[in-house]
Amino acid sequence: MAKDRSPLDRRSFLNSTKEVCAVLAASHIFGPAVAFIEAGASLSGASGAEAGGREALSNPAEIRSENGVLRAMITAAPGRVQLGDFAFPGLLYNGSYVPPVLRARLGDTMRISFRNQLPDDPSNLHFHGMSVSPRGNSDNVFLHVHPGELFEYEVRIPADGHQGAGFFWYHPHAHGFVTKQILGGMSGGLVVDGFERIFPIVADLPERFMLIKHVEIGEGNQLISINGQINPTVAIRPGERQFWRIGHIGATIFIKFHIEGMPLYVLATDGHPLSSPRKVSEFFIGPGERIDAVAIGPEPGEYAMRTISFQNEAWRKPEPVQQLASIVSTGPRSSGRDGEIEILRSHPDDTHPWIDEVRSAPIARRRTLQYSKTPDRHAFMIDGQVFDDDRVDQTVKLGHTEEWTVINTDQQYHSFHIHQTAFLVTEINGLVQHQESLRDTFSVPPGTETEPSRLKVVIPFTDPVITGRFVYHCHAVDHEDKGMMGIIEVVASASELTDGPEYCSGAPRQ
């Protein structure tokens, strides 16, 4: 059976990311050949008429709830992955690099049997972005399911409260093994249906998932796939509207995303609706972040969906450009009205938006977290400490809303993610933000040689369902695995608060 708060062997902790893979240079993107290989594994390539990225984008399979219950068996096991011309030994859910999207509704219960058939490592499931209980056999990341074990998850999705309809995802969260497992393929989409009741404009639109993953293909280089496909084609008619659900469910990379000559109309971030749609020509998306948007088919032609080069780490060259997909607009023009005007004039049908509660709530407490690393980059820390699952770093009173400042002393992107609750971004490097939606993950810009960067967020700890212990961390999961994570405990009464004003910076209790 699963073990709660299993200790992690020091050797496994230090070596977990080294075990992921050794890699060669990529073919059509970075060089003449590619492979993604684990120690002792052989290289393999594939050929075929569709290789090279001209296959049509396909939506992932789905598992839907019935009669208020979503039942699923999810098995983690090794398996071979084929990405275009390239093959590698992966770590998969149900034998698939892109496992089924889980689809439930508010008030449902997810009963998920999780079987660990990995040869060596513990694993578990985390339901990213969900405002559900972190205790028992719910969204409890302190449970470790060891090889050969079966564990029964039961996650009750509140019918009301702060959990709403939206786009989320699931992935492993066994500390020290997350990078290896997500890079291998262990992550999938999760939807709480009903978003069309928030934004009725999407009710009759075709829904497309674009689930972003990546594999390492050399020092500082990545091969990015969408739904497990390399540079697929996305068909749309001129003027046609489609509902796109773009999710970065990969492990470590940060992406600037752009479609040439084709804007998107963002309706939600991380599963939380905007107060009104926002037209964008590009956006930045880090590990764990999601965007729901409406796309309108452009004039007939082919349009490149690609990354934009930028410098993530100060000591490396800017990230290279990669084409992610080709948007192909063809066929008869849609007979609808002016799509852009109608979209931009639409508003969410939500009489009690959570974001307004967060904006107006009094701040009960302010805390500061500092992100840092050791010079050799073997450990990443919050407030000078690596993660310890026997140490509670922050204790919060249920019902409080707090302001946290994240200071990034490193010269690369990190991110801030907290489980069980969303937050409002209010300031970045001293610039006041007027965000129109909540987040559960947000990218923290790099600091410089002379000055750190700062992210300020307001976090509501007001939903009784989240009482208990859970974590906050950088969602570039190689940083998380190397220690950049802390534990928070939300308690129901003031008598349970154990840290006084001297611990507001997140220092450990003595």
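Heads up: the structure comes first, above all this text.
Presented here is a report on the structure given in the accompanying data block. (Residues numbered from 1 in each chain as written. Predicted model: local features only at pLDDT ≥ 70, side-chain atom pairs only at ≥ 80, totals over all residues. Heavy atoms only, no water.)

### Structural notes on the environment of Trp-244
Here is step 1: You can see Trp-244 is positioned in strand E18 (residues 241-248).
Here is step 2: A C-alpha to C-alpha distance of 9.7 Å links Trp-244 and Tyr-265, two positions 21 residues apart in sequence.
Here is step 3: In contact with Trp-244, not counting residues within four places along its chain, are Arg-208, Met-210, Val-234, Ile-259, Met-262, Leu-264, Ile-291, Asp-292, Ala-293, Ala-295, Met-305 and Ile-327.
Here is step 4: In this structure the side chain of Trp-244 is engaged in a polar contact, spanning 3.0 Å, whose partner is the side chain of Gln-242. (Helix = DSSP H or I, 4+ residues; strand = E, 2+ residues; numbered from the N terminus. Contact = heavy atoms within 4.5 Å. Polar contact = N/O pair within 3.5 Å; in protein donor to acceptor, adjacent residues only side chain to side chain.)

### Some details on the nonpolar core
Here is step 1: Counting residues in hydrophobic clusters, the biggest one holds 30 residues, and the most contacted among them are Trp-404, Phe-416, Ile-418, Leu-455 and Phe-461.
Here is step 2: A total of four residues in this core trace back to one element, the largest contributor, which is strand E34 (residues 453-461).
Here is step 3: Core analysis: the second largest hydrophobic core is formed by 28 residues, Ile-236, Val-266, Ile-285 and Ile-291 among them. (Core = buried A, V, L, I, M, F, W, Y, C linked by side-chain atoms within 4.5 Å. Buried < 20%, exposed > 50% of the residue type's maximum accessible area, 1.4 Å probe, protein only.)

### Here's the deal with the environment of Phe-380
Here is step 1: Note that Phe-380 resides in strand E27 (residues 380-382).
Here is step 2: For Phe-380, a relative accessible area of 3% corresponds to the buried category.
Here is step 3: It is 5.8 Å that separates the C-alpha atoms of Phe-380 and His-479, two residues lying 99 residues apart in sequence.
Here is step 4: Look past the residues within four positions of Phe-380 in its chain and what remains in contact with it is Ser-372, Lys-373, Val-386, Asp-410, Gln-412, His-414, His-479, Lys-482, Gly-483 and Met-484.

### Description of unusual backbone geometry
Here is step 1: Positive phi, close to 55°, is recorded for Asn-227, a residue that is not glycine.
Here is step 2: Take Asn-227: it is sitting in the loop between strand E16 (222-226) and strand E17 (233-236).
Here is step 3: Of note in the backbone geometry, Arg-377 takes a positive phi value of approximately 60° without being a glycine.
Here is step 4: For Arg-377, the location among the structural elements is in the loop between strand E26 (365-373) and E27.

### Quick word on the sheet that holds strand E36 (residues 485-491)
Within a beta sheet, neighbouring strands are joined by backbone hydrogen bonds and run either parallel or antiparallel to one another.
Here is step 1: Within the open sheet, the five strands sit side by side as E28-E36-E35-E30-E33. Their pairing is mixed. Looking along the sheet, the strands with just one partner apiece sit at the ends: strand E28 (394-397) and strand E33 (441-444). Within this sheet the neighbouring strands show an average axis-to-axis angle of 25°, counted without direction.
Here is step 2: In this structure, strand E30 (residues 414-418) lies alongside strand E35 (residues 468-473), joined through two bridges in antiparallel fashion. Within the sheet, the bridge partner assigned to His-417 lies in E35 and is His-473. (Pairing = 2+ DSSP bridges. Axes fitted to C-alpha atoms, helices over the stretch in contact; angles between N-to-C directions.)

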